[in-house]
Number of protein chains: 4
Amino acid sequence: MPTRSFEAIDPDYAQRVKESFYGQPFMRLVGGRLISVTPGHCEIQLPHKPELTQQHGYFHAGIIGTMADNAGGYAALTLTAPGKEVLTVEYKLNLLLPGNGKGLISRGRVIKAGRTLIVCQSDVFNVTENEEVLAATAIITLLPV
Amino acid sequence: MPTRSFEAIDPDYAQRVKESFYGQPFMRLVGGRLISVTPGHCEIQLPHKPELTQQHGYFHAGIIGTMADNAGGYAALTLTAPGKEVLTVEYKLNLLLPGNGKGLISRGRVIKAGRTLIVCQSDVFNVTENEEVLAATAIITLLPV
Amino acid sequence: MPTRSFEAIDPDYAQRVKESFYGQPFMRLVGGRLISVTPGHCEIQLPHKPELTQQHGYFHAGIIGTMADNAGGYAALTLTAPGKEVLTVEYKLNLLLPGNGKGLISRGRVIKAGRTLIVCQSDVFNVTENEEVLAATAIITLLPV
Amino acid sequence: MPTRSFEAIDPDYAQRVKESFYGQPFMRLVGGRLISVTPGHCEIQLPHKPELTQQHGYFHAGIIGTMADNAGGYAALTLTAPGKEVLTVEYKLNLLLPGNGKGLISRGRVIKAGRTLIVCQSDVFNVTENEEVLAATAIITLLPV
């Protein structure tokens, strides 16, 4: 699919995303960072830390799910009206490779911005010195409230 | 569906689950506890802590996903041979209510233990003084390796 | 999970389900039958026919998905107000066994009837002379409109 | 995501896909056609017929799911060794718009061809005289056997 372009109806969408993103205590606990946000898109990043791993030293699936859900959720939030928030209704995550990067990048994009629901997809990549490798993909259904 | 009964082929399955569960640095970071493990079933618990929340003080969706995936994964692990592990292939999580309990309980059960794949379902409950309320449900596909 | 009991707000819910179910040309093409409908629950059935199979003579995955989605959708419809319909937002289907029964039974039940969305689960069984065997399970998100 | 390129290990993959596709009695019943197949990709098409609809004259969700699953399954099959087949383990389908085209096109592509499992995504489009509009997307997990 070609990447679609969207228009934000809230000119301050980026500030709204930033405040909400860093307003999540759990995201601060794990150390996630908001990298970029444009209408219908959001990219977040997470450096590797030992306490974020499962029993073999890879990023925990729960962390990968967190990154996928968050990038999708904030991609959706860019398209909502001022004062709105989005709730995750459900998501499905396919884990394609162990999360063995020095960090994770998660890129969320809106697939469909409907009147009632917003559907997004997030791709999560293992980041090493030279490359990004797709480690997981998720489709997320969100409800603006 | 009536709850199915399973037999473990590894008599030491409970010890194996326990070691793997507490061998997860991320699960130690968030404070999850293994409550019970029987063949095909696993129950885990997580007390509320402010750093596990999203921007409104509820349990973060990433935490709820972590609890769902883990209970399902360890339910699956009870049925594997000694020395085996299980990888999450994919899961789908429906968030039914905000995670507003004083804690979360996640109960995973095996739906189908196939030769190649194990399919589990986890229910995640908000726990308050007097009751448990279903907050999320997930279906998880796992690969024994 | 214990089966929850629900109350229908439309006393004519059963008639509404029946009309909608048999109003689906595709369901008539494949030969599905509405077996029972109670508040929050719906059971449908499909006899085996050669033209419903895939290349090995089993029920086609598309047919199993159709049965899962329909039972869940009509379970949801029982709880809506008169004049309402439900749209499937998304569903996830795990295929656990080949669809090799003499027929399929699909039982849908409501997991959560929210204000905006209804979440259901459907189990699809292979039916033989003596038994029913779980062949697939699905979680379905529906939007009343 | 940029479209990945794959190499087929079976030089006769296209013939194998064709025979399997048209060997499905259910696909013949509904009238699906195989349009193109290249390594890691498959496109199939379905003209509108009244008997494929739900109660409002749109393509039935079960038909849309069938198209999504089939395009993904045959995209996966292009990458398998001679004599292999693929089983759908699970799929998740998001329905984005009513299936109101004069026909449906479903395009499946491989996201990850692993040693044990293949993960695909399918996009299903409503086709009208002048355009294609995305109506559904699915992520499918497949097992080569």
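Residues numbered from 1 in each chain as written. Chains lettered and ligands numbered in written order. Predicted model: local features only at pLDDT ≥ 70, side-chain atom pairs only at ≥ 80, totals over all residues.

Enquirer: Help me get a handle on the overall build of chain A, residues and values and all.
Expert: The helix and strand tally for chain A stands at 3 helices and 6 strands. Ordered by position from the N terminus, the helices and strands of chain A form the series α-α-β-β-α-β-β-β-β. Over its C-alpha trace chain A gives a radius of gyration of 14 Å, about what one expects of a compact globule, namely 15 Å for 145 residues. With the C-alpha coordinates aligned to their principal axes, the bounding extent of chain A is approximately 45 × 30 × 30 Å. Buried residues in chain A amount to 55% of all 145 residues. A fraction of 67% describes how many contacts in chain A between residues 6 or more apart in sequence connect residues 24 or more apart. (Helix = DSSP H or I, 4+ residues; strand = E, 2+ residues; numbered from the N terminus. Rg over C-alpha atoms; globule rule 2.2 N^0.38 Å. Buried ≥ 20, exposed ≤ 12 C-beta atoms within 10 Å, placed from the backbone. Contact = placed C-beta atoms within 7 Å.)

Enquirer: I'd love a proper account of the confidence of the model for chain A, names of residues and values included.
Expert: When pLDDT is averaged across chain A, the result is 96; 97% of the residues are at 70 or more. Interface predicted TM-score (ipTM) for the complex: 0.95; the corresponding pTM is 0.97. (pLDDT = per-residue confidence, 0-100.)

Enquirer: Break down the relation of the copies chain D and chain C for me, with residues and values.
Expert: Note on the copies: chain D fits chain C at an RMSD of 0.0 Å, the axial shift is 0.0 Å, and the rotation between them is 180 degrees. The two molecules are tied by a two-fold rotation axis, judged by turn and shift. Relative to the rotation axis, the C-alpha of Lys92(D) is the closest in chain D, positioned 2.0 Å from it. A share of 100% of the interface residues of chain D reappears at the interface of chain C, consistent with the copies meeting face to face through the same patch. (Least-squares fit on C-alpha atoms with pLDDT ≥ 70 in both.)

Enquirer: Could you give an account of the nonpolar core, with specific residues and numbers?
Expert: Counting 184 residues, the largest nonpolar core has Ile64(A), Ile64(B), Ile64(C) and Ile64(D) as its most contacted members. Every residue in contact with Ile64(A), bar those within four places of it in the chain, is listed here: Phe59(A), Leu95(A), Gly99(A), Leu104(A), Val124(A), Ala135(A) and Ala136(A). (Core = buried A, V, L, I, M, F, W, Y, C linked by C-beta atoms within 7 Å.)

Enquirer: Quick one: what's the story with the interface of chain D and chain C, residue by residue and with numbers?
Expert: Taken together, the contact pairs 27 residues of chain D with 27 residues of chain C. Secondary structure elements with two or more residues in the side of chain D that touches chain C: helix H2 (25–30), helix H3 (61–77) and strand E3 (86–95) of chain D. The element contributing the most residues to the side of chain D that touches chain C is E3(D), with 8 residues. Partitioning the side of chain D that touches chain C into residue classes produces 11 nonpolar, 12 polar and 4 charged. Examined bridge by bridge, strand E3 (residues 86–95) of chain C and E3(D) share 5 bridges and lie antiparallel to one another. (Nonpolar A, V, L, I, M, F, W, Y, C, P; charged D, E, K, R; others polar. Pairing = 2+ DSSP bridges.)

Enquirer: How would you sum up the relation of the copies chain A and chain B? Please name residues and give values.
Expert: For the pair chain A and chain B, the superposition axis carries a translation of 0.0 Å, the fit reaches an RMSD of 0.0 Å, and the rotation angle comes to 180 degrees. The fraction of interface residues of chain A whose copies in chain B are also interface residues reaches 100%, indicating that both copies meet through the same surface.

Enquirer: Could you give an account of helix H1 (residues 13–22) of chain B, naming the residues involved and the relevant values?
Expert: Since the α-helix packs 3.6 residues into each turn, any two residues three or four apart lie on the same face. All names here are of chain B. All of the buried residues in H1 are Tyr13, Arg16, Val17, Ser20 and Phe21. One face of H1 carries all of its buried residues, which in axial projection span an arc of 125 degrees. The outward face of H1, more than 90 degrees from its buried face, is lined by the exposed residues Gln15 and Glu19. Looking at the buried positions of H1, the neighbouring elements they touch are helix H2 (25–30), strand E1 (33–38), strand E2 (41–47) and helix H3 (61–77). (Arc of directions from axis to C-beta.)

Enquirer: Which residues make up the environment of Ile118(B), and what are the values?
Expert: Residue and element names in this part refer to chain B. Of note, Ile118 is situated in strand E5 (residues 118–127). C-beta crowding within 10 Å serves as the criterion here: with 26 such atoms nearby, Ile118 is assigned to the buried category. Residues Ile118 and Phe6, spaced 112 residues apart in sequence, show a C-alpha to C-alpha distance of 13 Å.

Enquirer: Can you lay out the sheet that holds strand E1 (residues 33–38) of chain C for me, pointing to particular residues and giving the numbers?
Expert: The sheet built from 12 strands is open, its strands ordered E1(C)-E2(C)-E4(C)-E5(C)-E6(C)-E3(C)-E3(D)-E6(D)-E5(D)-E4(D)-E2(D)-E1(D) with antiparallel pairing. Strands with a single pairing partner mark the edges of an open sheet, and in this sheet they are E1 of chain C together with strand E1 (33–38) of chain D. Shown here is a sheet whose adjacent strand axes are inclined to one another by a mean of 20 degrees, direction ignored. Bridge count between strand E2 (residues 41–47) of chain C and strand E4 (residues 103–113) of chain C: 7 bridges; the pairing is antiparallel. The residue bridging Ile44(C) from the neighbouring strand is Ser106(C), located in E4(C). (Axes fitted to C-alpha atoms, helices over the stretch in contact; angles between N-to-C directions.)

Enquirer: Describe the sheet that holds strand E4 (residues 103–113) of chain A, and please don't skip the residues or the numbers.
Expert: Within the open sheet, the 12 strands sit side by side as E1(A)-E2(A)-E4(A)-E5(A)-E6(A)-E3(A)-E3(B)-E6(B)-E5(B)-E4(B)-E2(B)-E1(B). Their pairing is antiparallel. Only two strands of the sheet have a single neighbouring strand rather than two, namely strand E1 (33–38) of chain A together with E1 of chain B. Averaged over all neighbouring strand pairs, the angle between strand axes comes to 20 degrees, with direction disregarded. Contacts from helix H3 (residues 61–77) of chain A reach E1, strand E2 (41–47), strand E3 (86–95), E4, strand E5 (118–127) and strand E6 (132–144) of chain A together with strand E3 (86–95) of chain B, with the element oriented near 40 degrees to E4(A).

Enquirer: Please set out the interface of chain A and chain B residue by residue, giving values where relevant.
Expert: When the parts of a complex come together, some accessible area is lost, and that lost area is often used as the size of the interface. The interface of chain A with chain B comprises 27 residues on the first partner and 27 residues on the second. Elements that contribute at least two residues to the side of chain A that touches chain B include exactly helix H2 (25–30), H3 and E3 of chain A. Top contributing element to the side of chain A that touches chain B by residue count: E3(A), with 8 residues. Of the residues assigned to the side of chain A that touches chain B, the class counts are 11 nonpolar, 12 polar and 4 charged.

Enquirer: Any chance you could break down the packing of H3(A) against H3(B) for me, citing the residues and the numbers?
Expert: Following both chains from N to C, one finds H3(A) and H3(B) inclined at 140 degrees, their axes separated by 8 Å at the closest point. Here H3(A) and H3(B) pass one another in a crossing that is right-handed. Every residue of H3(B) that contacts H3(A) at Ala61(A), Gly62(A), Gly65(A), Thr66(A) and Asp69(A) is listed here: Ala61(B), Gly62(B), Gly65(B), Thr66(B) and Asp69(B). Looking at the contact of H3(A) with H3(B), its residues break down into 2 nonpolar, 6 polar and 2 charged. (Left-handed = near helix turned anticlockwise from the far one by under 90°.)

Enquirer: Go over the pairing of E1(C), please, and point to the residues and values.
Expert: Residue and element names in this part refer to chain C. Alignment of E1 against E2, held across 5 bridges, turns out to be antiparallel. The partner of Thr38 across the bridge, within E2, is His41. What sits between E1 and E2 in their antiparallel hairpin is a turn of 2 residues, with Gly40 showing a positive phi close to 85 degrees.

Enquirer: How would you summarise the environment of Leu77(D) if you had to cite specific residues and measurements?
Expert: Residue and element names in this part refer to chain D. If you trace the backbone, Leu77 turns up in helix H3. Look at Leu77 and you get buried, because 25 C-beta atoms sit within 10 Å. Spatially, the C-alpha atom of Leu77 lies 9.3 Å from that of Leu142, the residues being 65 residues apart in sequence. Discounting residues that sit within four places of it in the chain, Leu77 has contacts with Arg16, Val17, Ser20 and Val86.

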